[in-house]
Amino acid sequence: MMDAETVHSFAKRRGFYWPSYEIYGGSAGFYDYGPLGSALLHNLMEHWRRLYIIREGMYEIDSPSIGPEDVFKASGHLGEFTDYLTTCQGCKAGHRADHLLEGLEKNPDALEADELWTALKEHGVKCPRCGGELTEPEPFNLMFGTGIGAGKGKKGYLRPETAQAMFVAFSNLSQQARKKLPFGVVQIGKGYRNEISPRQGLLRQREFHMAEAEIFFHPDEKRWEGDEELMRTQLKLVDQNGEDRAMAAGEATDKGIIRGEALAYFMALTQQFLVDVGVDPTRLRFRQHLQDEMAHYAADCWDAEALLSYGWTELVGVADRGSYDLSQHIAHSGEDMGVFIAYPEPRKEHRIRLVPDLKKLGPLYRGKAKMVARAIEDAAPPEGELMVEVDGETIAVPDTCYVKEEGEVVISGERIVPHVIEPSYGLDRVFYTVLEHNLDIGEKGGEEYRVLRLPPDVAPVQVGIFPLMTKPELETVAKEVMTVLRKSGLATTYDGSGSIGRRYARADEVGIPWCVTIDYESLDGKDVTVRDRDTAEQVRIPIAELGEHLCSLLRTRSG
RNA sequence: GCGGGUGUGGUGUAGCCUGGUAUCACAUUAGCUUGCCAAGCUAAUUACUCGGGUUCAAAUCCCGGCACCCGCACCA
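All of the points below concern the structure found in this document. (Residues numbered from 1 in each chain as written. Chains lettered and ligands numbered in written order. Predicted model: local features only at pLDDT ≥ 70, side-chain atom pairs only at ≥ 80, totals over all residues. Heavy atoms only, no water.)

**Some remarks on a negative patch on the surface**
Together, E112, D114, E115, E136 and E138 line one region of the surface with negative charge. Looking at the secondary structure, you find E115 in helix α6 (residues 113-122). (Patch = residues over 30% accessible without salt bridge, like charges linked within 9 Å, V, L, I, M, F, W, Y side chains within 5 Å. Areas by Shrake-Rupley, 256 points an atom, 1.4 Å probe, with all protein chains shown as cover. Salt bridge = Lys/Arg side-chain N within 4 Å of Asp/Glu carboxyl O. Lys, Arg positive; Asp, Glu negative; His and termini not counted. Charge placed at Lys NZ, Arg CZ, Asp CG, Glu CD. Helix = DSSP H or I, 4+ residues; strand = E, 2+ residues; numbered from the N terminus.)

Structure below.
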C-alpha cells in the first residue's frame with residue numbers, strides 16, 4: 001500500500017502542498033497548497049459547485065470567518081469546544097477532567113472549571129495512569145479567539161465550521177427561497193480549530209477548507225426532488241451494529257437502515273461526488289455514528305470514509321440535525337426563524353389565547369419583556385398563577401400583564417421550525433485521498449514510473465504542449481498551439497526541455513491527461529499528435545480542430 | 001500536552017558511534033545532441049532544522065526551541 005511519506009515527498013517535489021512557514025521553523029497544522037495543488041483544490045471546489053449549485057439548485061453564500069461570541073454561544077461551540085484539562089503532577093499526563101468524572105457525576109460535561117475541581121477533590125480522583133495528584137483543571141478551547149475592534153472591543157472567534165452562517169442568516173435565505181421548503185444553501189470556505197496535536201498532514205489541520213450544504217425541510221416531509229437515479233446508487237454501509245453490507249440508497253431507506261429518504265439521497269450524492277473526483281469506490285464506505293458518538297440532537301449521522309494509509313478516514317459527515325441549530329439561534333437571538341406552512345384548507349378552531357400587555361410587561365421585565373410576551377402567547381391558560389420559562393429561568397407573571405381572549409379563529413396554517421440535513425465535507429481530506437488513491441507507482445523499463453490517474457477535469461493541468469525537438473520552427477508552432485488552447489479555456493503547460501519521453505514522464509506524474517506534440521509533419525500537414533496519459537495511445541488531429549477535440553474529450557470524460 | 005525516535009541540496013541518501021575540506025543518485029537550469037515514451041555529452045545552481053554551550057575546530061558531543069514519525073491522550 002501507498003504510504004503517506006511517499007505522498008508527502010511527492011507532493012512537495014511536484015508542488016502540490018508543503019508545510020507552511022518552513023523558513024521560520026514551521027508551525028504544526030498549517031499547509032500551503034502549491035501551484036498544482038491550488039489548481040487541483042480549485043477543480044474539486046468547482047466540481048462540488050457544479051453538483052450542489054447547478055445540478056441540485058442550491059444557493060451559495062459567502063460569510064465571514066470571524067464571528068462575535070454570541071453566535072458561538074448559541075451554536076453550542078463555546079461550551080462544546082471548551083475542555084478542561086488536568087495534569088498529573090507525577091507523570092505529567094494530561095487528562096480531560098470531565099472524562100475522569102464519568103460515572104461519578106451525573107453530567108460531568110456540563111460542569112464549570114471550579115465545579116470540576118471541587119468534584120475531583122470530593123471523589124478523590126487520582127491520575128489513572130500512575131495514581132499521582134492532579135492539578136486544577138485548565139480550560140482549553142478548540143476555537144481560535146480574537147478581538148473585534150479597537151481597545152477591549154468585542155470578543156470574537158474564528159469559525160470552527162462554515163455552517164453557522166446558513167443558520168444565522170436563515171430568515172434572509174428563506175426569503176430568497178420565497179419561503180418554500182425544502183431548499184438548500186451551501187458554502188465553501190475555511191474553518192479553524194486550534195487542535196491540541198495536529199497530525200497526519202493534510203488530514204488534521206488547524207486551518208482547513210470545508211464545503212457544507214444545509215438543506216432545510218418541513219419536519220414531516222424530508223424528501224428532496226432530485227435525480228431519482230441516485231436512489232439506486234449502491235452504497236457500502238456499516239451500521240451502528242457493525243453490520244457491513246452493500247445496497248441501493250432507496251432500499252436502505254425502505255429497510256430503515258438509513259433513517260430518511262433525504263438523508264439517503266444526500267449520501268448517494270456524496271458518493272457520486274467523491275467517485276467523480278477520483279476517490280476509489282472500492283475504498284469508500286459509509287459508517288453510521290454510534291449512538292453515543294452522535295450529537296444528542298442528531299437523528300442519524302453517517303460518515304463517508306475512505307481507506308487511506310492512515311486507516312479509514314472521515315471525508316464527509318452526512319447528518320440529520322433535526323431543528324437543533326435553528327432552535328438554538330431562535331432561543332438566543334429572539335429572532336423568529338419559523339416558516340409559515342399553509343394548510344390545504346383553512347381550519348376554524350375554538351381557542352383560548354393569552355394576549356400579553358406590553359405596557360405592563362415593559363417596566364416589569366425591561367430587556368426581557370419581549371421574550372416574556374412571546375412565552376405568554378405560547379402558554380396555555382393557567383389554573384392559578386402563570387409561570388413561564390425565559391432564558392433558563394422560571395418567571396411568575398402577574399395576571400394583570402395579560403388578558404384572556406376566547407373565540408372562533410380561522411387558522412390557515414402553522415409556523416414550523418425546519419429540520420436540516422447537512423453534508424459537511426473536509427475538502428483537504430478529499431484532496432489528500434484523491435492524491436493517494438490515484439498515485440500509481442509502477443515500473444517502466446526497469447525504472448519506477450509514476451502516473452497520477454486523475455479524472456481529466458480534476459487534473460491541475462489538462463494539456464501539455466511539446467515540440468518534438470527544440471528547433472525554432474517547431475517551438476514557434478507549439479507556442480501558437482498553446483495560445484489557441486489557452487484561449488479555449490484549457491489549462492495548458494509548455495515543456496521544451498529534455499527528451500520527449502522525459503516530458504511525457506513529467507506530465508504523467510502530475511496527471512496531465514493529454515499531451516500534444518508538434519513535429520515536422522505539423523509544419524506541412526497542419527496536424528499534431530495527441531497522446532493519452534492512461535493508454536499512451538496517439539492520434540493525429542488537425543490543429544484547427546484541436547481545441548474542440550480536447551474540449552469534447554474533457555466533457556465526455558468528466559461525466 | 002506526555003513518552004520514545006528522527007531532522008544533511010527540490011527529492012532520496014552517505015558521513016554522526018570515533019569532532020578536522022560533506023558522499024552519491026535523481027531532479028532542476030543552460031548549451032550541444034536527440035524524429036515520439038525518464039538516451040548521451042559538457043557546464044551550472046542548490047543542503048548539515050534553529051538557537052545556545054563545550055572545543056583550536058561541531059553535521060558529528062551536550063542543553064533548549066521548532067518540525068516530522070510512532071505510542072498515549074485529544075479529534076464538536
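**Quick notes on the state of the cysteines**
Counted under the stated rule, the structure contains zero disulfides. Left unpaired, C551 is separated from the closest cysteine sulfur, that of C515, by 16 Å. Owing to a relative accessible area of 15%, C551 belongs among the buried residues under this scheme. (Disulfide = S-S within 2.5 Å. Buried < 20%, exposed > 50% of the residue type's maximum accessible area, 1.4 Å probe, protein only.)

**Remarks on the layout of surface pockets**
Counted as a void, the largest pocket has a volume near 1,600 Å³. Looking at the largest pocket, it is lined by 45 residues, and the ones nearest its centre are F81, R193, H289, E293 and E314. Of all the secondary structure elements, the ones that give two or more residues to the lining of the largest pocket are α4 (77-80), β11 (207-217), β15 (300-308), β16 (311-322), α11 (324-333), β21 (419-426) and α14 (427-438). Counting residues per element, the lining of the largest pocket draws most heavily on β16, which supplies seven residues. Residues belonging to the lining of the largest pocket are distributed by class as follows: 17 nonpolar, twelve polar and 16 charged. (1 Å grid on protein atoms, 1.4 Å probe; cavity = no way out; pocket = protein on both sides within 12 Å on 5 of 7 lines; lining within 4 Å. Points joined across faces, edges and corners; volume = space filled by probe spheres on them. Nonpolar A, V, L, I, M, F, W, Y, C, P; charged D, E, K, R; others polar.)

**Describing the pairing of β11**
In terms of residue burial, β11 counts as a mostly covered element, since ten of its eleven residues are buried. The sheet contact formed by strand β10 (residues 183-192) and β11 spans ten bridges and is antiparallel. Residue pairing across strands places K190 opposite H209, the latter belonging to β11. When β11 meets β21, the two strands line up antiparallel, connected through six bridges. The partner of M210 across the bridge, within β21, is G426. (Pairing = 2+ DSSP bridges.)

**Concerning the sheet that holds strand β9 (residues 154-158)**
Strand order in this open sheet of three strands is β4-β9-β8, and the pairing throughout is antiparallel. Two strands lie at the open edges of the sheet, namely β4 (66-68) and β8 (145-148), each paired on one side alone. Within this sheet the neighbouring strands show an average axis-to-axis angle of 40°, counted without direction. Of the strand pairs in this sheet, β4 and β9 are connected by three bridges, and their pairing is antiparallel. Opposite P68, over in β9, you have G156 as the bridge partner. (Axes fitted to C-alpha atoms, helices over the stretch in contact; angles between N-to-C directions.)

**Observations concerning the side chain of T517**
Structurally, the position occupied by T517 is in strand β26 (residues 514-518). Side-chain polar atoms of T517 contact the side chain of Y504, separated by 2.8 Å. Look past the residues within four positions of T517 in its chain and what remains in contact with it is F466, L468, I500, Y504, S522, V528 and T529. (Polar contact = N/O pair within 3.5 Å; in protein donor to acceptor, adjacent residues only side chain to side chain. Contact = heavy atoms within 4.5 Å.)

**Quick word on the packing of aromatic side chains**
Here the structure, examined in full by the defined rule, presents 20 aromatic pairs. Pairing Y59 with F183 gives two aromatic rings, centres 6.4 Å apart and planes at 55°, and the pair type is tilted. Taken as a pair, Y59 in strand β3 (residues 59-60) and F183 in strand β10 lie far apart in primary sequence, 124 residues in all. A residue is classified by how much of its surface remains accessible, and F183, at 4% relative accessible area, is buried. Judged by centre distance (4.7 Å) and plane angle (65°), the rings of F170 and F216 are edge-to-face. Taken together, the residues span a long stretch of sequence, with F170 in helix α8 (residues 170-176) and F216 in strand β11 at a distance of 46 residues. Judged on exposure class, the residue F170 and its partner F216 are both buried. In textbook terms, an aromatic cluster arises when at least three aromatic residues are bridged by ring pairs, as seen for Y59, F167, F170, F183 and F216. One residue, K444, lies across the ring of Y449, its end atom 4.3 Å from the ring centre. The cationic tip of K479 hangs over the ring face of Y494; the distance from NZ or CZ to the ring centre is 4.8 Å. (Phe/Tyr/Trp six-rings, centres within 6.5 Å; stacked < 30°, edge-to-face > 60°. Lys NZ or Arg CZ within 6 Å of the ring centre and 35° of its normal.)

**A closer look at α14**
Over its twelve residues, α14 runs 16 Å from end to end, which matches the ideal 16 Å to within 8%, given 1.5 Å per residue. Counting buried residues in α14 gives eleven out of twelve residues, a clear majority hidden from the surface. Among the residues of α14, L427, D428, V430, F431, Y432, T433, V434, L435, E436, H437 and N438 are the ones counted as buried. (Expected span 1.5 Å × (residues − 1).)

**So, unusual backbone geometry**
Glycine aside, residues mostly have negative phi angles, and peptide bonds mostly take the trans form. Across the junction of L181 and P182, the peptide omega takes the value -5°, indicating a cis bond. Along the polypeptide, P182 turns up in the loop between α8 and β10. The phi dihedral of K179 is positive, around 55°, even though this residue is not glycine. Within the secondary structure, K179 is located in the loop between α8 and β10. In the Ramachandran plot, Q200 falls in the positive-phi region, its phi being about 60° despite a non-glycine side chain. Note that Q200 resides in the loop between β10 and β11.

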